[in-house]
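# Fold and contact review
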Amino acid sequence: MFGITSLWIPFTVTAALGQVARNAMQRQLTAPLGTWGATNIRFLFGFPFSLLFFAVVIVASGDRVPWPPAAFWPWLLLGALSQIVATGLMLVAMNDRSFVVTTAYLKTEAIQTAIFGFVFLGDDLTFLKMVAILIATVGVVITALRPGGEKGFAELKPTITGLVAAAAFALSAIGFRGAIITVPGVSFVTAASFTLVFGLFVQTLVLTIYLLARAPEVLDKILGLWRPSMFAGFMGAFASQFWFLAFALTAAANVRTLALVEVLFAQAVAYYSFKQPVSARELFGIALIVAGVALLVSV
């Protein structure tokens, strides 16, 4: 039977779809807004949508508005601040490499999330789950490989940038899951939505203050591009809502491994939007990703 605890699977796939759309939009806005301006879009324009999502959840569930314990806040800050750093580094990497390759670097996050989750949250990692994560991660690495030294996986700067971004995203996933599971006395949907509201509030506050102090003209440009920014913000909040729902139900490593299906979605975006062809090597890597993900959800 497909029970509530298995809902993390469709939640994760939905989040991955939304994230690819958001990343593609942010990539297009990096040129006019700069790295941190484009980063702030997902938070500044996503925050109002998170409030709307939370209001709908409260009305539909009948839950009270929770107030979490002190342990909630360190986890929330870890998740929120790590995600700011990760998103900025992701956009830097996207400027240096193709959309698909950058997505592949970022998906090494899965194995890092498994390690961090085991260390910080005591998440259970069975042998078969570790095998699944490794298979899928190898698939990501193969997908990222390109023939030719100047374009290969070993190109130092974008590789390091992408891998550090992946580590920051892994810490962010651990932080947000840690925050969600501390929220007492409400449904998992309310706990996830509540955490998203405060996470986006912290991120919006931090980045907006930074831009006001360092580059106030960027905020003017953001407001001038409010239409595409609104879409990117909505897709960011939409994706995050489903990530957080998944984090509320299972270990972050499970979620981030299944999220490797995002590489398949990124391939489609790259092919149809950016006219980047798919090679036989990439197809083999995708096959490994699918095999690893299939093993994960079956154990």
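What you see is a predicted model; the values in this text were computed from it and never measured. (Residues numbered from 1 in each chain as written. Predicted model: local features only at pLDDT ≥ 70, side-chain atom pairs only at ≥ 80, totals over all residues. Heavy atoms only, no water.)

When you go through the protein chain residue by residue, the secondary structure sums to 13 helices and 0 strands. Put simply, the protein chain runs from its N terminus to its C terminus through helices and strands in the order α-α-α-α-α-α-α-α-α-α-α-α-α. Put simply, the protein chain has 299 residues, and 55% of those count as buried. Taking contacts inside the protein chain between residues at least 6 apart in sequence as the whole, the part at least 24 apart equals 87%. (Helix = DSSP H or I, 4+ residues; strand = E, 2+ residues; numbered from the N terminus. Buried < 20%, exposed > 50% of the residue type's maximum accessible area, 1.4 Å probe, protein only. Contact = heavy atoms within 4.5 Å.)

Our focus in this paragraph is a nonpolar patch on the surface. Taken together, Ile115, Phe118, Val119 and Phe120 make up a surface patch of nonpolar side chains, about 430 Å² in accessible area. Here Phe120 is to be found in helix 5 (residues 109–120). (Patch = residues over 30% accessible without salt bridge, like charges linked within 9 Å, V, L, I, M, F, W, Y side chains within 5 Å. Areas by Shrake-Rupley, 256 points an atom, 1.4 Å probe, with all protein chains shown as cover. Salt bridge = Lys/Arg side-chain N within 4 Å of Asp/Glu carboxyl O.)

Turning our attention to the packing of aromatic side chains. According to the stated counting rule, one finds 18 aromatic pairs in the structure shown. With centroids separated by 5.3 Å and ring planes inclined at 80°, the aromatic side chains of Trp73 and Phe198 adopt a geometry described as edge-to-face. Here Trp73 is found in helix 3 (residues 72–96), whereas its partner Phe198 is found in helix 8 (residues 188–214), with 125 residues between them in sequence. By relative accessible area, which is 21% here, Phe198 ends up partly exposed. Put simply, the rings of Phe11, Phe49, Phe53, Phe188, Phe234, Phe238 and Phe242 touch in pairs and so form one group of aromatic residues. Sitting over the ring of Trp243, Arg256 keeps its end group 4.2 Å from the ring centre. (Phe/Tyr/Trp six-rings, centres within 6.5 Å; stacked < 30°, edge-to-face > 60°. Lys NZ or Arg CZ within 6 Å of the ring centre and 35° of its normal.)

For Thr182, the location among the structural elements is in the loop between helix 7 (156–180) and helix 8. Assessed through its relative accessible area of 18%, Thr182 is described here as buried. In terms of polar contacts, Thr182 uses its side chain to reach the backbone carbonyl oxygen of Ala179, at 2.7 Å. Ignoring sequence-local partners within four residues, the contact set of Thr182 consists of Pro69, Ala71, Phe72 and Trp75. (Polar contact = N/O pair within 3.5 Å; in protein donor to acceptor, adjacent residues only side chain to side chain.)

To continue, consider the pattern of salt bridges. Tallied over the full model, the rule gives 2 salt bridges. Put simply, Arg256 and Glu109 hold a salt bridge, and the shortest N to O gap is 2.5 Å. With Arg256 in helix 11 (residues 252–258) and Glu109 in helix 5, the pair connects residues that are 147 residues apart, well separated along the chain. The residues Arg256 and Glu109 share a single accessibility class, namely buried. Of the charged contacts, one joins Arg177 and Asp123 as a salt bridge, the two residues approaching to 4.0 Å between their closest N and O atoms. Taken together, the residues Arg177 in helix 7 and Asp123 in the loop between helix 5 and helix 6 (127–144) connect sequence positions 54 residues apart. Neither Arg177 nor Asp123 differs from the other in exposure class; each is buried.

Attention now goes to the confidence of the model for the protein chain. On average, residues of the protein chain score 84 in pLDDT, and 87% of them are at 70 or above. Looking over the protein chain, one finds the lowest element-wise mean pLDDT in helix 4 (residues 99–106), namely 65, and the highest in helix 2 (residues 47–61), namely 96. (pLDDT = per-residue confidence, 0-100.)

What follows covers the packing of helix 8 against helix 9 (residues 216–224). Following both chains from N to C, one finds helix 8 and helix 9 inclined at 120°, their axes separated by 5 Å at the closest point. Classed by the angle they form, the pair helix 8 and helix 9 counts as oblique. On helix 9, the residues that touch Thr208, Leu211, Leu212 and Arg214 of helix 8 are Pro216, Val218, Leu219 and Ile222. Looking at the contact of helix 8 with helix 9 residue by residue, the class counts come to 6 nonpolar, 1 polar and 1 charged. (Axes fitted to C-alpha atoms, helices over the stretch in contact; angles between N-to-C directions. Parallel < 35°, antiparallel > 145°, perpendicular 65-115°, else oblique. Nonpolar A, V, L, I, M, F, W, Y, C, P; charged D, E, K, R; others polar.)

On to the side chain of Thr113, then. Tracing the sequence through the fold places Thr113 in helix 5. Assessed through its relative accessible area of 0%, Thr113 is described here as buried. Setting aside its immediate chain neighbours within four residues, Thr113 contacts Ala170, Ala173, Ile174, Ala252, Ala253 and Arg256.

The next thing to look at is helix 5. Helix length check: helix 5 (12 residues) gives 16 Å between terminal C-alpha atoms against 16 Å at 1.5 Å per residue, within 8%. Those residues of helix 5 not exposed but buried are Glu109, Ala110, Ile111, Gln112, Thr113, Ala114 and Gly117. Immediately beyond the C-terminal end of helix 5, within one or two residues, lies Gly122, with a positive phi of roughly 65°. (Expected span 1.5 Å × (residues − 1).)

A few words now on the packing of helix 1 (residues 8–44) against helix 8. Interhelical geometry of helix 1 versus helix 8 gives an angle of 10° and a closest axis separation of 15 Å. It follows that helix 1 is roughly parallel to helix 8 by the angle criterion. Between helix 1, through Phe11, Trp36, Gly37, Thr39, Asn40, Arg42, Phe43 and Leu44, and helix 8, the contact on the second element is made entirely by Phe188, Leu200, Gln203, Thr204, Leu207, Thr208, Tyr210 and Leu211. Partitioning the contact of helix 1 with helix 8 into residue classes produces 9 nonpolar, 6 polar and 1 charged.

The next thing to look at is the nonpolar core. If you look at the biggest cluster of nonpolar residues, it comprises 53 residues, and the most contacted ones within it are Trp8, Ile180, Trp243, Phe244, Phe247 and Leu260. Every residue in contact with Phe247, bar those within four places of it in the chain, is listed here: Ala173, Phe176, Arg177, Ile180, Ala252, Val255 and Arg256. One finds Met25, Ala215, Val218 and Leu219 within the second-largest nonpolar core, a separate group that totals 11 residues. (Core = buried A, V, L, I, M, F, W, Y, C linked by side-chain atoms within 4.5 Å.)

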